[in-house]
Structure formats: C-alpha cells, structure tokens
Amino acid sequence: MMMKWRGWALATGALAVSAMAQAAPPSAAMLSNACAGCHGTNGGSAGPTMPSLASQSKEAIEAAMKKFKNGERPGSVMGRLAKGYSDAEITAMAEFFSKQKLHVTSQSVDAAKVKKGASLQESNCGRCHIEDGREGKDDTPVMASQWLPYMQMQMADYLSGKRKMPEKMKEKVDPMSKEDLDALLHFYASVK
Amino acid sequence: MTLDRRSFLKLVGAGAGAAGLPMIGRAAELMPKGAKRVVVVGGGYGGTIAAKYIRMMDKSIEVVMIERNDHFVSCPFSNLYIGGILKDLNPLTIKYDKLAANHGVKVVQAEVTAIDPAAKVVTTSKGTVSYDRLVLSPGVDFRLEEMKGYDAAAMEKMPHAWKAGPQTVLLRKQLEAMKDGGTMVMTIPLSPYRCPPGPYERASMVAHYLKANKPKSKIVVLDANPDITSKGGLFKKGWKDNYEGIIDYRPAKKVTEVEPGKMTVLIEGLEDVKGDVVNVIPPQRAGQIAVAAGLVGDDKNWCTVNPTTFESTKQAGIHVIGDASNAGAMPKSGYSANSEAKVCAMNIVALMNGKELTEMSGINTCYSYITDKEAVSVAAVYKVADGKIIAVPNSGGVSPADFSAAKIEAVYAESWLRNILTEMST
Ligand SMILES: Cc1cc2nc3c(=O)[nH]c(=O)nc-3n(C[C@H](O)[C@H](O)[C@H](O)COP(=O)(O)OP(=O)(O)OC[C@H]3O[C@@H](n4cnc5c(N)ncnc54)[C@H](O)[C@@H]3O)c2cc1C
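Residues numbered from 1 in each chain as written. Chains lettered and ligands numbered in written order. Predicted model: local features only at pLDDT ≥ 70, side-chain atom pairs only at ≥ 80, totals over all residues. Heavy atoms only, no water.

### Comments concerning the side chain of Asn419(B)
Here is the rule: Secondary structure counts use DSSP, requiring at least four H or I residues in a row for a helix and at least two E residues in a row for a strand, with both numbered from the N terminus. We call a residue buried when its accessible area falls under 20% of the maximum for its residue type, exposed when it is over 50%, and partly exposed in between, using a 1.4 Å probe and counting protein chains only. Throughout, a residue-residue contact means that at least one pair of heavy atoms, one from each residue, lies within 4.5 Å.
With respect to the secondary-structure elements, Asn419(B) resides in helix H12 (residues 406–425). Under the relative-accessibility criterion, Asn419(B) is labelled buried at 1%. Aside from chain neighbours lying at most four places away, what touches Asn419(B) is Gly37(A), Cys38(A), His39(A), Gly40(A), Gly44(A), Ser45(A), Ala46(A), Gly47(A) and Met50(A).

So, in structure tokens, the structure goes:
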C-alpha cells in the first residue's frame, strides 16, 4: 500500500506538495529579511527617516512592535505590518536585528550641538541610554548613530503627545528646552 | 566583455581556427562552471536581490547575473519624474559594480535568448552559460496582439513608459511640449499588470504638473477595469480634493487598438478618443524569455511557482520571481519582487546544500504620491497556507481615509526608495 502510494505520488508530482508541507516554519532570518526593503540589508538603513534596526536592543524592538500592533505607537505602515506577526515571530526578528553590527552613519551634525548634547546626555539620560546611547537599559532603545531626521520626527511626536513618553523620560525631558533636545539628538547621531 | 575574432579563436583552439568557425555547433561557453552555480536572469528589483542574498548566505555558490543593460532605472518614482517633481532619472538609476565588488556577483551584460532546461544551459548574445539552478526575474513584456497597431514605431509616438528609461523621458518631453488646453489620454489594461496603483499615481502626477503649468489642460484615463484596482478610495479622495476638472476618469473602457497617425485610441471598436499626448499601457505577461521557456501557466501569461521555493511547477531547477511569477496574493510590485527574491535565495541555498526548506514570509509596502507633498500606501504581510501565498488575516491595509498620514508618508516614501535601491546596488 505504502509503496503503491509513493509510486503514484512520484508519478503525479504529489510528492512535491508533501515535501513542501514539511518546510520549517519561517526562521528569524526569513522573517527579518523581508523588513530590509525599508530598513536596509541586515537593518542598516540608508534612508534618513527610516530607523536602522541593526544592533538595536532586542527588548526595544519587541516593545516597539507590540506598541505598533496595539496602536499605542503611531506609525504609518508599521501598525498595519506589525499585526501580521505573532509575539514569537516578533521576538525572533528582534533577536535577529539585535545581533547585527551597528550601522555607523556619517551624517552632517552641528559640532556645537554635539558638544552640548554630550554633557546633557551624561547628566540627564545616561542612566537608561547607557554608553553614550550605544546600549539601552531594559527596553530603552539604542540611539548611537541613529538617523537624525528619524529621531527628530519621533521627538516631535513625543512633544505633541502623539507618542507617549515613558515616565522616567518625561521627568527629564519636561524641563529641557527645544534647543537642549535638539542638541541631544545631534549628539546621538554623532556616536559611532 | 566582448571577444574579437582573434581571442575567440584562441579560446576555442587553433584547430577550429584552421577548419573555420562554422565547425562550432553551439556558441562558446562564456565561463566554465565550477561546483555550484546559480544563474540569475535580470538585474532589476528581483534579480539583484536574489543574486546578492545567495552570495550573502553561501559564498561557495557562484552567482552569475545576466542583464541586457549596464544599468537599471527604477519604475518606482518614475511617475514623479513625469510629473516634473524629479529633475532627472539619476536618483532612480543604479549600477552593478558594488554588487560585484561587495558580494562577488559575476555580472554579465548580455541578452538571454534561450533556455535549455534539460542541459541546464542558457544561451546569451555573448555565449552560453551553464547552471545548476536558474532564477528568472525578467519583469514583464507586452501582449501586443491585444493592442492592434501598437508596434515599435507606435511606441515612439504613444509611449508606454511602463519600463523606466528612454520611454519615461519621452513621455515627459511630450507632456512639456503639449499646449495649454491640450488633452493627455492614458489607457490602463485589465488587472493583473505590473504595479496595480501605478497608473493612478501617474494620473495624479500628470494632473499635478498640468495644474501648476497648463491649467486649461486635462488627462482622460481610460481604464479597462470596472473600477480603480488599488487604493481606490484614497485616489478618489485625492483627485476630488486636488484635481477636480483635471482628471477625467472613465472606468470599463478597454482600449484594444491605437492609431498613431491620428493620435487616437479605440475602445473595442465602438468609440475613439483623441489625445495630444497618448500614454498607452498595454496588457502584460511574464517577460518573453520565461514564456519561451514554457513556464507560464494555464492563463498563458504568468509563471506558476511553488510558493516556498518559487521553483517553476513546469520545469525543475528554474525559479521565477517578481512580476513574471504568479505569487498568489502578492501584488506585482518592486517590494514584492525584493521580498520574493530573498525567500527564493534562502531556499535555493538550502536545496543546493541538501538542507531543509524554510516556509516563506514576505512583505509588500508600496507608496503612491497624490501631490508632491502627499502620498498614500498599502502594506501587507504574506505567508503560505494550504499551498498558496495569502495575506496574513487581520493585518495590512491602506492609509487612513482622511489623509491624516499623507504628509508623513510622502516623507517615508523617499526613504523607502533610498533603502530599496541601496539594497539592490551595494
Ligand atoms: C510607473 C510605475 C511605478 C511603479 N511604482 C512602484 C512602487 O512605487 N513601488 C513598488 O514596489 N513597485 C512599483 N512598480 C512596480 C515595479 O517596477 C515592478 O514590480 C518591479 O520592477 C518588478 O521587478 P522584476 O525584477 O520582476 O522586474 P524588473 O525590475 O523590470 O527587472 C527585470 C530586468 O530583467 C532584464 N531582462 C529581461 N529579460 C531579459 C533577457 N532576456 N536578458 C537579459 N536581461 C533581461 C530587464 O532589462 C530588467 O532590467 C512600479 C511600476 C511602474 C511601471
């Protein structure tokens, strides 16, 4: 019986279908490669309003994707796309990107702002944005070398209330001037 | 690389030289094949990515990418050029030198003229190339038999501009030369065709140009489809808010014939429409090379593939991606081609190493400009269910209907282009 079925399957090509059914579920690389059309190969973005994901913290990506998914964080296509993934798939993608090498950008930044931003970072933000923003505590995102236009757009969303600031961040940001915040972002953009 | 007669003779041996060239039955093998080789046909949205990702995943596989041109001009954003928003096509043009330098992809500029699936050899204008697996991403060619009178000469009078390059430049020149008060006519074929929202974006960009430069002019859109095929509600709102009286949209008008001498198009022999500028987008099918290789399905137009490997269901060892393939729910877009190429690359590497296949996961994200500062988008995630590619339920969709995201999406779209072209060229 078994032999007979195999012979029939080979002849008709039904075997190809059964082999297909045996493919492993989408791996982290399979899932993540699809993102690279917008976020760059291995998450190194070439588009100044699209964030690099390479070397981003796993927890930060997970948190962002879950907020996109439940609508808590505004995003144009990201809300629609995040709904297409299970929590396990999100974790797999987050892990994939967190393991990629930091995508170092050479953006034009204002040297005076970078200098001012460096001291503000140290006294205000350094407890969560660790190592000059190269690392992040818990789900705090990595800021180093991130695109300045992207960060400025996010800051605008925070200030307008479109995106909700974490409590600890709000405490630090509230007393700062717009110029202070801009200097901070120039600093993060300059970190290599 | 071109061979002159002397070096060609050296290559094939002195004996052949003495006996004369006609002794050689088949064109010379262009490059002797090592242990594992994938040949990729087409250096566009799908081909470049398949070539690059195979090399990224397995350096032991030799990858030869064969493309007829020495550069590639992106269709995405070419409508902005036609609408006068982009000055030239430079930001849309890529070269292949970095794909070669960074990943060791062997780029051959040649026309692929035949495929022999049994011998696993492709014939090109420069010689033959053997393969273990073949990836075709040739894009589309036109079903000219369904558009009477639309020959090569007609294309120079009534450009399609549906493959970016000289045709795109020609259409813009004609639009610029048109008198104020003139009419541009655009025809749209029945779905499926390359880039579902592309014609409607083009109408928007043309209208944007006319509004600013030739306000007494209009564009008549003759659509063979019963309604706008993609982002319909958004285009209708965009047109109403911006281009009332400029875009004259006529659904269910199937153009089947053109008369370039009179600058008219004919709708199923019933009605003719005349334009000062006429943009004919003909019905399409898989690129000719895929049709010639017998890869198209029952519809005679698109290549049927296994949704996990993108291997042809007609010929083992040949994979088809991008516009030429029938990828289930995935639309014929550049982003789809990019995503499909990566799925195909990963599973080709598995097949060539005797490893387990991985189920596909893909994305499409596509922006369309309505004005120079506003764009709308469609996005979706894809997976395989019951042997077919479907959109993941309860995900994806189009921009908010009130255009609340339109300004930001116009900004994101620019980064989309930067990233996807950088992926293809570095
Ligand atoms: C006006 C317009 C706007 C668009 N806008 C968007 C958009 O905003 N977003 C989006 O995602 N998509 C968009 N698209 C769709 C996108 O251009 C296509 O889906 C995409 O190019 C498909 O990729 P491909 O690899 O299948 O074909 P292509 O990118 O066309 O590449 C095919 C390549 O193969 C080569 N070739 C073919 N046959 C041979 C042969 N026999 N020998 C050698 N070389 C050969 C060709 O020269 C070409 O370079 C748009 C299309 C148009 C027309």
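### Here's the deal with the packing of helix H10 (residues 148–160) of chain A against helix H12 (residues 178–190) of chain A
Residues and elements named next belong to chain A. Here is the rule we go by: Orientation is described by lines fitted to C-alpha atoms, with helices fitted over the stretch in contact, and by angles between N-to-C directions that extend from 0 to 180 degrees. Handedness of a crossing follows from how the near helix is turned relative to the far one, being left-handed for an anticlockwise turn of less than a right angle and right-handed for a clockwise one. Under the convention adopted here, Pro, Cys and the residues Ala, Val, Leu, Ile, Met, Phe, Trp and Tyr are nonpolar, Asp, Glu, Lys and Arg are charged, and Gly plus all remaining residues are polar.
Running from amino to carboxyl end, H10 crosses H12 at an angle of 145°, the nearest separation of the two axes being 10 Å. For the pair H10 and H12, the sense of crossing is right-handed. Counting all contacts with H10, which are made through Leu148, Met151, Gln152, Met155 and Leu159, the residues of H12 involved are Lys178, Leu181, Asp182, Leu185, His186, Tyr188 and Ala189. By residue class, the composition of the contact of H10 with H12 is 8 nonpolar, 2 polar and 2 charged.

### Let's talk about empty space enclosed by the protein
Keep this limit in mind: Using protein atoms alone on a 1 Å grid, points that fit a 1.4 Å probe yet trap it form a cavity, whereas open point sets bounded by protein on both sides within 12 Å along at least five of seven lines form a pocket; residues with an atom within 4 Å of a point count as lining. Grid points are joined across faces, edges and corners, and a volume is the space filled by probe spheres set on the points. For each domain, the first and last residues come from an automatic or database assignment.
Tallied over the full model, the rule gives 2 cavities of 30 Å³ or more. Space inside the largest cavity adds up to approximately 60 Å³. Across the lining of the largest cavity, the residue classes tally to 4 nonpolar, 5 polar and no charged. Per-domain counts for the lining of the largest cavity show at least three residues from each of domain 1 (19–98) and domain 2 (111–190) of chain A. Computed from the structure, the second largest cavity encloses a volume of approximately 40 Å³. Surrounding the second largest cavity, Gly322(B), Asp323(B), Ser325(B), Ala327(B), Met330(B), Pro331(B), Lys332(B), Ser333(B), Ser336(B), Ala337(B) and Glu340(B) form its lining. Ranked by residue count, the leading element in the lining of the second largest cavity is helix H11 (residues 334–352) of chain B, at 3 residues.

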